[in-house]
Amino acid sequence: MKVALVGYGNVGHAFARLLAAKHAAFPFRIVAIHTARHGTAFEPKGLPIDPAFGPPAETTADFLHRAAADVAIEVTPLNPETGEPALSHIRAAIACGMHVITANKGPIAHGYAGLRDQANRAQVQFRFESAVMDGTPIFNNVRNNLPGVNVLGFTGVLNSTSKLVIGAMQQGRSMQEGVREAQALGVAESDVTHDLDGWDSAAKTAALANVLMDAHVRPQDVFRRGLSDLTVKRALELKAERKTVSLVSRAFLDAGQIRLQVLPEVLDETDLLAVNGGTSNVLLLHTDLMGTIGTVSIAPGVEQTAYGLFSDLVDIARSL
Ligand SMILES: NC(=O)c1ccc[n+]([C@@H]2O[C@H](COP(=O)([O-])OP(=O)(O)OC[C@H]3O[C@@H](n4cnc5c(N)ncnc54)[C@H](OP(=O)(O)O)[C@@H]3O)[C@@H](O)[C@H]2O)c1
């Protein structure tokens, strides 16, 4: 299968490395890459991991037409306010008759139902496992393994960068040092304020609600507060009390309405939501038939995000 990448940063590179490592068993080819500043590359026989880029394509639609790929993978930065330009990239790829995979939660948070319906009409697949929890099966798990189950709400700690930042501050280091750690690991958003202000968590919360609860919401509908009030002094006081703070995402039904929030919550160090440090994430789904079930990812990184794209790609290939 031929793959075109829109965006080639941390996640795009990790995905290209994964495809190269798995090529013998899974002969997918990256035939085209489009970026904002680095330019555009095409090679029908398959591009190397560090291709020579030519001038950027004029539009993403032009790029996609020339790429003539089977699958477009959208990995441009998160825009939590509008979901653009990723939303338009995905619409253009579906209009080109391509299956689409994204790790970008913005389009799922802003336009999931429209994209799903457009993909259904075009008889192509639209997948986004890496948009929440870095490739750990959430969406595919519910779709494949929980038929007939209604998700009534969820509770999660879903942002790795804020966890690293809080961990650093509980060691007496600055917020900025925690940010640098996350950036060195490639897990910070292109604009790190989206992690610290809770926008990334709000986008994930909206995305989960849209897909799992048919919510039709946007990140702006999530009641949100970030970490701006947290000081090193407060983080150390909490540490001395064997407590921590986490950006907790919650969805719940209130008189039939879906309520969504992302707030910094003080938790015992032994709380299920807090017990795994580093970049670890946790998501509890509250359901009608299965009670509460949870998924934990221990110390995920950009390789796991790449794996989520890969698992979606394999799933699409197997379904054809
Ligand atoms: N990093 C993670 O651990 C992680 C985990 C889960 C999900 N995600 C999601 O994955 C996506 C990519 O993350 P990343 O860490 O790879 O970001 P990144 O390192 O900042 O890379 C972004 C890439 O997108 C390109 N780009 C920006 N605007 C574009 C446009 N208008 N058209 C075409 N290309 C454009 C950039 O081009 P230039 O190279 O020319 O600048 C760059 O190649 C984000 O949506 C993020 O939320 C990331």
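**Some remarks on unusual backbone geometry**
Following Glu84, the chain continues to Pro85 via a peptide bond in cis, the omega torsion being 0°. The residue Pro85 is located in the loop between β4 (71-74) and α3 (86-95) in this model. Despite not being glycine, Ala68 has its phi angle at roughly 50°, a positive value. In this fold, Ala68 is placed in the loop between α2 (60-67) and β4. The backbone of Arg242 shows a phi angle near 55°, a positive value even though the residue is not glycine.

**Observations regarding the sheet that holds strand β1 (residues 2-6)**
Strand order in this open sheet of six strands is β3-β2-β1-β4-β5-β6, and the pairing throughout is mixed. The sheet terminates laterally at β3 (40-42) and β6 (126-127), the two strands that pair on one side only. Pairing of strand β5 (residues 99-102) with β6 involves two bridges; the strand directions are parallel. Paired with Ile101 across the strands is Arg127, a residue of β6.

**Looking at the site of the ligand**
Near the ligand lie 27 residues; those nearest to it are Arg37, His38, Thr76, Gly186 and Ser190. Take Gly9: an N or O atom from its main chain is 3.3 Å from an oxygen atom of the ligand. Contact with the protein chains covers 87% of the free accessible surface of the ligand, which is 910 Å². Looking at the shell around the ligand residue by residue, the class counts come to 10 nonpolar, 13 polar and four charged.

**Some points on the nonpolar core**
Counting 68 residues, the largest nonpolar core has Leu64, Phe126, Phe154, Leu208, Leu212 and Leu283 as the members making the most contacts within it. If near-sequence neighbours (up to four positions away) are discounted, Leu283 is found in contact with Met133, Ile138, Phe154, Thr155, Gly156, Leu158, Leu208, Ile293, Gly294 and Thr295.

Criteria and thresholds
Residues numbered from 1 in each chain as written. Predicted model: local features only at pLDDT ≥ 70, side-chain atom pairs only at ≥ 80, totals over all residues. Heavy atoms only, no water. Helix = DSSP H or I, 4+ residues; strand = E, 2+ residues; numbered from the N terminus. Pairing = 2+ DSSP bridges. Near = heavy atom within 4 Å. Polar contact = N/O pair within 3.5 Å; in protein donor to acceptor, adjacent residues only side chain to side chain. Areas by Shrake-Rupley, 256 points an atom, 1.4 Å probe, with all protein chains shown as cover. Nonpolar A, V, L, I, M, F, W, Y, C, P; charged D, E, K, R; others polar. Core = buried A, V, L, I, M, F, W, Y, C linked by side-chain atoms within 4.5 Å. Buried < 20%, exposed > 50% of the residue type's maximum accessible area, 1.4 Å probe, protein only. Contact = heavy atoms within 4.5 Å.

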